[in-house]
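Structure assessment
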Amino acid sequence: MRKIGITTTVPVEVIYAAGCIPVDINNIFITGEHPQQKVEAAEIAGYPRNVCGWIKGLYTTILEEKDIREVIAVTQGDCTNTHALMETLELQGVKTIPFAFPFDRDKDLLRLQIEKLMAYFEVDWEQVLIVKKRLDAIRKKVWEIDRLTWEENRVSGFDNHLFQVNCSDFKGEPESFDREISQFLERACHAPELKQDVRLGFIGVPPIISGLYHYLESIGARVVFNEIQRQFTMPFETDDLVEQYRLYTYPYHVLNRIEDIKREIKRRNLDGLIHYTQSFCFRQIEDLIFRQELDVPILTLEGDKPAQLDARSKMRIDAFVEMLRWNK
Ligand code: SF4
């Protein structure tokens, strides 16, 4: 079956309706073998040192995945580096399919973009909405994993991250992903309650570094809100596909994200936030907006390349968690 690379969440319903398989390149890059070497390979090919590690990893991963020759390029609403990434991929013979989230969340423009994608994949609304129904049923089960994380304290921050992040492409096989979720839910419903006393939110792009969630839990803190990952699950009840991708906060103005974060801070009773920023990412600038708009303590943590959480970050996390515990 034809595989379509994606570098961020897009209306995957369209891709599945066409009988194709979406592959989130971020996930195969970071969970694959030797992600650090993929970053280095892009630098050897000519990518500058001061460009985000995710972009370099995506470049090498796409070139290595020989059965992915088409990639959806989100030209608005994702990453400022996408244009150059796609241009360098095209130079290597990869076809790019443009898609844009209108910055002002204009419904007509978004519908036009989705319909352009549908025209490319030669599918109609009826086919797309059948897929939406199927994927929504899976999304609802992942919402339950999220609820078990923050309300019943039975799911770790990392499992919460993992299941939600995989909703970008449903691992390319919605049926088997659905079974995996059901099995996990069966265990999670009866799992003993987790006892960490400090409740954290994780905001910002998914981390390129590993070991963060486990480290937090080892010192008595737990992430009970993964902001962007949760957005990948489309946590809104709507039968309207255009509205679904309009409610999705990530591609639009940061103030929409802030509204969502504020609501979840209250609902999930969070003690503080970790704002993860990626070296050389334009989204680092948004840190100043979060600090101004959110009234809980925030620790800003920066990651550069795929690696284990370093000692300096651990020390900063220790001090932050201790301060939150003291304030409780
Ligand atoms: S972390 Fe920032 S710069 Fe890197 S791919 Fe994501 S949006 Fe782009």
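What comes next concerns the included structure. (Residues numbered from 1 in each chain as written. Predicted model: local features only at pLDDT ≥ 70, side-chain atom pairs only at ≥ 80, totals over all residues. Heavy atoms only, no water.)

**Overview of the overall build of the protein**
- If you tally the helices and strands in the protein, you get 15 helices and 8 strands.
- Taken against the 2.2 N^0.38 rule, which gives 20 Å for 328 residues, the C-alpha radius of gyration of the protein at 19 Å falls within 12% of a compact globule.
- Reported as C-alpha extents along the three principal axes, the dimensions of the protein are approximately 55 × 45 × 35 Å.
- Residues counted as buried form 57% of the 328 residues belonging to the protein.
- Here the contacts in the protein between residues at least 6 apart in sequence split such that 72% fall between residues at least 24 apart.
- As presented, the protein carries roughly 14700 Å² of accessible surface, and 53% of it is formed by carbon and sulfur atoms. (Helix = DSSP H or I, 4+ residues; strand = E, 2+ residues; numbered from the N terminus. Rg over C-alpha atoms; globule rule 2.2 N^0.38 Å. Buried < 20%, exposed > 50% of the residue type's maximum accessible area, 1.4 Å probe, protein only. Contact = heavy atoms within 4.5 Å. Areas by Shrake-Rupley, 256 points an atom, 1.4 Å probe, with all protein chains shown as cover.)

**As for the site of the ligand**
- Cys52, Trp54, Ile55, Cys79, Asn81, Val205, Gln278, Cys281, Phe282 and Arg283 make up every residue found near the ligand.
- Its residues assigned to classes, the shell around the ligand shows 7 nonpolar, 2 polar and 1 charged. (Near = heavy atom within 4 Å. Nonpolar A, V, L, I, M, F, W, Y, C, P; charged D, E, K, R; others polar.)

**Here we look at the pairing of strand β4 (residues 95-100)**
- Across 6 bridges, the pairing between strand β3 (residues 68-76) and β4 is parallel. Of the residues in β4, the one forming a bridge with Ile72 is Ile97.
- This β-α-β element, β3 to helix α5 (residues 82-91) to β4, shows right-handed connectivity. (Pairing = 2+ DSSP bridges. Right-handed = clockwise from strand over helix to strand, strands pointing away.)

**Considering α5**
- For α5, every residue scored as buried is listed here: Thr82, Leu85, Met86 and Leu89. Buried residues along α5 cover an arc of 95° about the axis, so they all sit on one side. Relative to its buried face, α5 has exposed residues pointing more than 90 degrees away, namely Glu87 and Leu91.
- Of the residues trailing α5, Gly93 is marked for its positive phi of about 90°. (Arc of directions from axis to C-beta.)

**Looking at the side chain of Asn226**
- Here Asn226 shows up in strand β6 (residues 221-226).
- Relative accessible area serves as the criterion here: at 0%, Asn226 is assigned to the buried category.
- A distance of 2.8 Å separates a polar atom in the side chain of Asn226 from a polar atom in the side chain of Asn160.
- Among the polar contacts made by the side chain of Asn226, one reaches the side chain of Tyr213 at a distance of 2.7 Å.
- If near-sequence neighbours (up to four positions away) are discounted, Asn226 is found in contact with Gly157, Asn160, His161, Gln164, Phe202 and Tyr213. (Polar contact = N/O pair within 3.5 Å; in protein donor to acceptor, adjacent residues only side chain to side chain.)

**Digging into the pairing of strand β2 (residues 21-24)**
- A two-sided burial pattern is seen for β2, the buried positions comprising Ile21 and Val23 on one face and Pro22 and Asp24 on the other.
- As paired elements, strand β1 (residues 3-6) and β2 share 4 bridges and run parallel to each other. Looking at β2, one finds that Ile6 is bridged to Asp24.
- In the classification by handedness, the crossover that spans β1, the intervening helix α1 (residues 12-17) and the parallel β2 is right-handed.

**A short note on the state of the cysteines**
- Counting across every chain of the model gives 0 disulfides.
- Cys167 takes part in no disulfide bond, and the closest cysteine sulfur to it belongs to Cys189, at a distance of 17 Å.
- By relative accessible area, which is 2% here, Cys167 ends up buried. (Disulfide = S-S within 2.5 Å.)

**Re helix α4 (residues 53-64)**
- When the terminal C-alpha atoms of α4 are compared, their 17 Å separation across 12 residues agrees well with the 16 Å that a helix rising 1.5 Å per residue should span.
- Burial within α4 is extensive, with 11 of its 12 residues counted as buried.
- Among the residues of α4, Gly53, Trp54, Ile55, Lys56, Gly57, Leu58, Tyr59, Thr60, Thr61, Ile62 and Leu63 are the ones counted as buried.
- Each element contacted by the buried residues of α4 is listed here: α2 (25-31), α3 (35-45), β3, α5 and β7 (272-278). (Expected span 1.5 Å × (residues − 1).)

**Here's the deal with the sheet that holds strand β5 (residues 198-204)**
- Taken in spatial order, the 4 strands make up an open sheet running β6-β5-β7-β8, and their pairing is parallel. Each end of this open sheet is capped by a strand with a single partner; those strands are β6 and β8 (298-303). Each neighbouring strand pair of the sheet contributes to a mean axis angle of 30°, computed without reference to strand direction. (Axes fitted to C-alpha atoms, helices over the stretch in contact; angles between N-to-C directions.)

**Observations concerning the sheet that holds β4**
- Pairing is parallel across the open sheet formed by 4 strands, whose spatial order is β2-β1-β3-β4. Strands at the two margins of the open sheet, each flanked by one partner only, are β2 and β4. Taking the axes of each pair of neighbouring strands and ignoring which way they run, one obtains an average angle of 30° across the sheet.

**Focus: the environment of Glu40**
- Mapped onto the secondary structure, Glu40 falls in helix α3.
- Among the residues examined, Glu40 registers a relative accessible area of 35% and is labelled partly exposed.
- C-alpha separation for the pair Glu40 and Lys305, spaced 265 residues apart in sequence, amounts to 9.6 Å.

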